[in-house]
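Structural features, examined
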Amino acid sequence: MTSGFTNEQAARAALLGAAKALGPAGLNAGRAGNLSLRWHRGGRDGLLLTPSAIDYDRMVEDDIVWLPLMPGLAAGRDDALADPPECFGSRRPSSEWRLHHDVHLDRPGVGAVIHVHAPWATTLACLDKVQREGVPAFHYMIAVAGGDSLPCAPYEPFGSARLSAVTLAALRDRHACLLANHGMVATGATLSDCFELALQVEWLCRVYAQVLQCGTPVLLDEARMRDALARFGRYRSAQSSS
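Heads up: these notes are all about the structure in this document. (Residues numbered from 1 in each chain as written. Predicted model: local features only at pLDDT ≥ 70, side-chain atom pairs only at ≥ 80, totals over all residues. Heavy atoms only, no water.)

So, about the pairing of strand β7 (residues 183–188). β7 sits mainly inside the fold: six of its six residues count as buried. In the sheet, strand β4 (residues 112–116) pairs with β7 via five bridges, with the strands oriented antiparallel. Across the sheet, Ala-112 pairs through a bridge with Gly-188, a residue of β7. Both strand β6 (residues 176–179) and β7 contribute to a ladder of four bridges, which runs antiparallel. Looking across to β7, one finds that Leu-179 is bridged to Gly-183. The hairpin formed by β6 and β7 contains three residues between the paired strands, and Asn-181 there has a positive phi angle of roughly 55°. (Buried < 20%, exposed > 50% of the residue type's maximum accessible area, 1.4 Å probe, protein only. Helix = DSSP H or I, 4+ residues; strand = E, 2+ residues; numbered from the N terminus. Pairing = 2+ DSSP bridges.)

What follows concerns the pattern of salt bridges. One pass over the full model with this rule turns up 14 salt bridges. Arg-98 is paired through a salt bridge with Asp-102; the nearest N and O atoms lie 2.7 Å apart. With Arg-98 and Asp-102 both in helix α2 (residues 97–106) and four residues apart, the pair spans about one turn of that helix. Since its relative accessible area comes to 8%, Arg-98 is described here as buried. In this structure Asp-102 comes out as buried when scored by relative accessible area, which is 11%. One salt bridge in this structure joins Arg-231 and Asp-227, with 2.7 Å as the shortest N-O distance. Taken as a pair, Arg-231 and Asp-227 lie in helix α7 (residues 222–241) at a separation of four residues, close to a single helical turn. Classification of Asp-227 as partly exposed rests on a relative accessible area of 36%. Shared partners join several salt bridges into a network, and the residues in it are Asp-128, Lys-129, Arg-132 and Glu-133. (Salt bridge = Lys/Arg side-chain N within 4 Å of Asp/Glu carboxyl O.)

Strands sit in the order β3-β2-β1-β4-β7-β6-β5 across an open sheet of seven strands; the sheet is mixed. Each of the sheet's edge strands pairs with one partner strand only, and the pair in question is β3 (65–68) and β5 (152–153). Two elements, β5 and β6, share two bridges in a ladder whose sense is parallel. Residue pairing in the sheet places Ala-153 in a bridge with Leu-179 of β6.

What follows concerns the side chain of Asn-28. Structurally, Asn-28 can be placed in the loop between α1 (8–21) and β1 (34–38). Relative accessible area serves as the criterion here: at 10%, Asn-28 is assigned to the buried category. Within polar-contact distance, the side chain of Asn-28 engages the backbone nitrogen of His-117 at 3.1 Å. With residues up to four places along the chain from it excluded, the contact list for Asn-28 reads Leu-22, Gly-23, Gly-33, Tyr-56, Val-116 and His-117. (Polar contact = N/O pair within 3.5 Å; in protein donor to acceptor, adjacent residues only side chain to side chain. Contact = heavy atoms within 4.5 Å.)

What follows is the structure, encoded as C-alpha coordinates:
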(Lines give C-alpha, C1' and ligand atoms only; values in the text may rest on other atoms or scores of the structure.)
Protein backbone atom coordinates (compact mmCIF):
# COMPACT_ATOMS: atom_id res chain seq x y z
CA MET A 1 0.00 0.00 0.00
CA THR A 2 1.04 3.64 -0.40
CA SER A 3 0.73 6.49 2.04
CA GLY A 4 -1.36 8.65 -0.30
CA PHE A 5 1.29 11.37 -0.67
CA THR A 6 2.68 12.31 -4.07
CA ASN A 7 6.30 12.72 -2.92
CA GLU A 8 8.50 12.14 0.09
CA GLN A 9 8.68 15.81 1.07
CA ALA A 10 4.89 15.92 1.34
CA ALA A 11 4.94 12.76 3.43
CA ARG A 12 7.62 14.23 5.72
CA ALA A 13 5.61 17.43 6.10
CA ALA A 14 2.49 15.46 7.06
CA LEU A 15 4.39 13.36 9.59
CA LEU A 16 5.95 16.46 11.13
CA GLY A 17 2.57 18.16 11.29
CA ALA A 18 1.06 15.17 13.09
CA ALA A 19 3.98 15.08 15.53
CA LYS A 20 3.56 18.77 16.37
CA ALA A 21 -0.20 18.24 16.86
CA LEU A 22 0.22 15.56 19.55
CA GLY A 23 0.77 17.99 22.41
CA PRO A 24 -2.11 20.37 21.62
CA ALA A 25 -4.38 17.33 21.16
CA GLY A 26 -3.55 16.15 24.68
CA LEU A 27 -1.89 12.97 23.45
CA ASN A 28 1.68 13.64 24.50
CA ALA A 29 4.09 15.84 26.42
CA GLY A 30 7.65 16.94 25.75
CA ARG A 31 9.85 14.62 23.71
CA ALA A 32 7.94 11.44 24.46
CA GLY A 33 6.16 9.47 21.76
CA ASN A 34 7.03 8.69 18.15
CA LEU A 35 5.32 8.36 14.76
CA SER A 36 5.97 6.50 11.54
CA LEU A 37 4.58 6.47 8.03
CA ARG A 38 5.02 3.68 5.48
CA TRP A 39 7.10 4.97 2.57
CA HIS A 40 8.73 3.20 -0.37
CA ARG A 41 12.11 4.44 -1.53
CA GLY A 42 14.17 3.19 -4.46
CA GLY A 43 12.15 0.01 -4.83
CA ARG A 44 12.44 -0.86 -1.14
CA ASP A 45 9.60 -0.90 1.35
CA GLY A 46 10.28 1.13 4.46
CA LEU A 47 9.05 3.84 6.77
CA LEU A 48 9.60 7.45 7.65
CA LEU A 49 10.15 7.76 11.40
CA THR A 50 10.51 10.61 13.85
CA PRO A 51 14.02 11.00 15.31
CA SER A 52 15.20 10.37 18.85
CA ALA A 53 15.25 12.95 21.67
CA ILE A 54 14.24 16.06 19.72
CA ASP A 55 11.49 18.35 20.96
CA TYR A 56 8.71 18.42 18.38
CA ASP A 57 8.63 22.21 18.44
CA ARG A 58 12.22 22.28 17.13
CA MET A 59 11.89 19.36 14.72
CA VAL A 60 12.08 20.02 10.98
CA GLU A 61 11.26 17.80 8.02
CA ASP A 62 14.90 16.88 7.39
CA ASP A 63 15.18 15.46 10.94
CA ILE A 64 12.86 12.60 9.99
CA VAL A 65 14.74 9.42 9.12
CA TRP A 66 13.97 6.66 6.62
CA LEU A 67 14.24 3.05 7.74
CA PRO A 68 13.98 0.12 5.32
CA LEU A 69 11.93 -2.90 6.28
CA MET A 70 14.33 -5.74 7.07
CA PRO A 71 12.58 -9.16 7.10
CA GLY A 72 15.79 -10.87 8.17
CA LEU A 73 16.31 -8.70 11.25
CA ALA A 74 17.40 -11.02 14.05
CA ALA A 75 14.67 -11.54 16.61
CA GLY A 76 17.25 -11.68 19.38
CA ARG A 77 18.51 -8.14 18.81
CA ASP A 78 17.42 -6.71 22.14
CA ASP A 79 19.77 -3.92 23.20
CA ALA A 80 17.53 -1.28 24.76
CA LEU A 81 18.83 1.61 22.69
CA ALA A 82 20.46 -0.20 19.76
CA ASP A 83 20.49 1.55 16.39
CA PRO A 84 18.98 -0.31 13.42
CA PRO A 85 21.37 -2.08 11.03
CA GLU A 86 20.25 0.30 8.27
CA CYS A 87 18.96 3.83 8.66
CA PHE A 88 19.10 6.90 6.42
CA GLY A 89 19.11 10.45 7.74
CA SER A 90 21.13 12.97 9.73
CA ARG A 91 19.50 12.01 13.05
CA ARG A 92 19.23 8.85 15.11
CA PRO A 93 15.83 7.20 14.74
CA SER A 94 13.41 7.01 17.63
CA SER A 95 14.44 4.63 20.39
CA GLU A 96 11.22 2.74 19.55
CA TRP A 97 12.30 2.15 15.94
CA ARG A 98 12.03 -1.60 16.45
CA LEU A 99 8.36 -1.41 17.46
CA HIS A 100 7.48 0.71 14.40
CA HIS A 101 9.56 -1.42 12.07
CA ASP A 102 8.03 -4.68 13.24
CA VAL A 103 4.43 -3.43 13.12
CA HIS A 104 4.89 -2.22 9.53
CA LEU A 105 6.61 -5.49 8.60
CA ASP A 106 3.96 -7.69 10.23
CA ARG A 107 0.91 -5.68 9.09
CA PRO A 108 1.08 -4.74 5.37
CA GLY A 109 -2.26 -2.94 5.64
CA VAL A 110 -0.89 -0.50 8.21
CA GLY A 111 0.18 2.81 6.72
CA ALA A 112 1.00 4.68 9.93
CA VAL A 113 1.82 4.00 13.58
CA ILE A 114 1.60 6.38 16.54
CA HIS A 115 3.06 5.60 19.95
CA VAL A 116 2.32 8.11 22.71
CA HIS A 117 2.29 8.44 26.49
CA ALA A 118 -1.25 9.83 26.49
CA PRO A 119 -2.24 10.58 30.12
CA TRP A 120 -5.47 8.59 30.43
CA ALA A 121 -4.24 5.63 28.38
CA THR A 122 -1.07 5.55 30.47
CA THR A 123 -3.06 5.82 33.69
CA LEU A 124 -5.11 2.73 32.84
CA ALA A 125 -2.01 0.89 31.56
CA CYS A 126 -0.61 1.09 35.10
CA LEU A 127 -3.56 -0.78 36.64
CA ASP A 128 -3.22 -4.49 37.40
CA LYS A 129 -6.76 -5.36 36.22
CA VAL A 130 -6.30 -3.53 32.91
CA GLN A 131 -2.93 -5.18 32.36
CA ARG A 132 -4.56 -8.58 32.86
CA GLU A 133 -7.86 -8.03 31.07
CA GLY A 134 -7.56 -4.89 28.95
CA VAL A 135 -10.31 -2.28 28.77
CA PRO A 136 -13.61 -4.19 28.43
CA ALA A 137 -16.70 -3.39 26.35
CA PHE A 138 -18.06 -0.70 28.67
CA HIS A 139 -18.93 1.43 25.60
CA TYR A 140 -19.70 0.43 22.03
CA MET A 141 -16.87 2.68 20.78
CA ILE A 142 -14.41 0.06 22.01
CA ALA A 143 -15.10 -1.41 18.56
CA VAL A 144 -12.90 1.30 16.98
CA ALA A 145 -9.92 -0.73 18.18
CA GLY A 146 -11.14 -3.69 16.12
CA GLY A 147 -12.66 -5.99 18.74
CA ASP A 148 -14.66 -6.28 21.94
CA SER A 149 -11.84 -5.02 24.17
CA LEU A 150 -8.80 -2.77 24.15
CA PRO A 151 -5.91 -5.10 25.07
CA CYS A 152 -2.85 -4.19 27.10
CA ALA A 153 0.57 -5.61 26.22
CA PRO A 154 2.63 -6.71 29.25
CA TYR A 155 5.52 -4.55 30.37
CA GLU A 156 8.84 -4.87 28.57
CA PRO A 157 11.73 -2.36 28.45
CA PHE A 158 11.31 0.51 26.00
CA GLY A 159 13.25 0.15 22.77
CA SER A 160 13.56 -3.62 23.12
CA ALA A 161 12.67 -6.46 20.77
CA ARG A 162 10.66 -7.94 23.64
CA LEU A 163 8.45 -4.85 23.71
CA SER A 164 7.96 -5.16 19.96
CA ALA A 165 6.97 -8.83 20.33
CA VAL A 166 4.36 -8.26 23.04
CA THR A 167 2.96 -5.28 21.14
CA LEU A 168 2.49 -7.37 18.00
CA ALA A 169 0.71 -10.00 20.08
CA ALA A 170 -1.61 -7.41 21.64
CA LEU A 171 -2.35 -5.93 18.20
CA ARG A 172 -3.43 -9.28 16.79
CA ASP A 173 -6.94 -8.60 15.40
CA ARG A 174 -6.75 -5.08 16.83
CA HIS A 175 -5.88 -1.60 15.57
CA ALA A 176 -4.67 -0.25 18.91
CA CYS A 177 -3.46 -1.42 22.30
CA LEU A 178 -2.13 -0.16 25.61
CA LEU A 179 1.42 -0.84 26.79
CA ALA A 180 1.71 -1.72 30.47
CA ASN A 181 3.32 1.03 32.58
CA HIS A 182 4.12 2.87 29.37
CA GLY A 183 1.43 4.25 27.02
CA MET A 184 -0.48 3.30 23.88
CA VAL A 185 0.02 2.32 20.25
CA ALA A 186 -2.45 3.15 17.47
CA THR A 187 -2.28 2.06 13.84
CA GLY A 188 -4.16 3.08 10.72
CA ALA A 189 -4.31 2.72 6.98
CA THR A 190 -3.48 6.43 6.75
CA LEU A 191 -1.82 8.93 9.04
CA SER A 192 -5.11 10.76 9.61
CA ASP A 193 -6.87 7.47 10.46
CA CYS A 194 -4.11 6.65 12.92
CA PHE A 195 -4.24 10.05 14.61
CA GLU A 196 -8.03 9.89 14.91
CA LEU A 197 -7.84 6.42 16.46
CA ALA A 198 -5.29 7.61 19.02
CA LEU A 199 -7.69 10.41 20.01
CA GLN A 200 -10.58 7.95 20.29
CA VAL A 201 -8.56 5.52 22.41
CA GLU A 202 -7.54 8.32 24.76
CA TRP A 203 -11.19 9.41 25.08
CA LEU A 204 -12.25 5.84 25.84
CA CYS A 205 -9.56 5.53 28.50
CA ARG A 206 -10.58 8.80 30.12
CA VAL A 207 -14.26 7.82 30.23
CA TYR A 208 -13.48 4.33 31.54
CA ALA A 209 -11.34 5.82 34.33
CA GLN A 210 -14.23 8.13 35.22
CA VAL A 211 -16.70 5.24 35.19
CA LEU A 212 -14.50 3.28 37.60
CA GLN A 213 -14.57 6.25 39.97
CA CYS A 214 -18.38 6.26 39.89
CA GLY A 215 -19.04 2.54 40.26
CA THR A 216 -19.06 -0.75 38.39
CA PRO A 217 -19.58 -0.42 34.63
CA VAL A 218 -22.29 -2.35 32.82
CA LEU A 219 -20.52 -4.25 30.03
CA LEU A 220 -21.95 -4.91 26.59
CA ASP A 221 -22.31 -8.61 25.84
CA GLU A 222 -20.79 -10.48 22.90
CA ALA A 223 -23.88 -10.16 20.70
CA ARG A 224 -24.06 -6.38 21.15
CA MET A 225 -20.37 -6.00 20.40
CA ARG A 226 -20.67 -8.16 17.27
CA ASP A 227 -23.42 -5.80 16.14
CA ALA A 228 -21.26 -2.75 16.93
CA LEU A 229 -18.34 -4.18 14.99
CA ALA A 230 -20.57 -4.92 12.00
CA ARG A 231 -21.96 -1.40 12.09
CA PHE A 232 -18.44 0.03 12.18
CA GLY A 233 -17.56 -2.09 9.16
CA ARG A 234 -20.51 -0.72 7.19
CA TYR A 235 -19.79 2.81 8.37
CA ARG A 236 -16.17 2.65 7.21
CA SER A 237 -17.19 1.14 3.86
CA ALA A 238 -19.61 4.03 3.32
CA GLN A 239 -16.86 6.53 4.25
CA SER A 240 -14.33 5.04 1.81
CA SER A 241 -16.84 5.03 -1.06
CA SER A 242 -18.03 8.60 -0.51
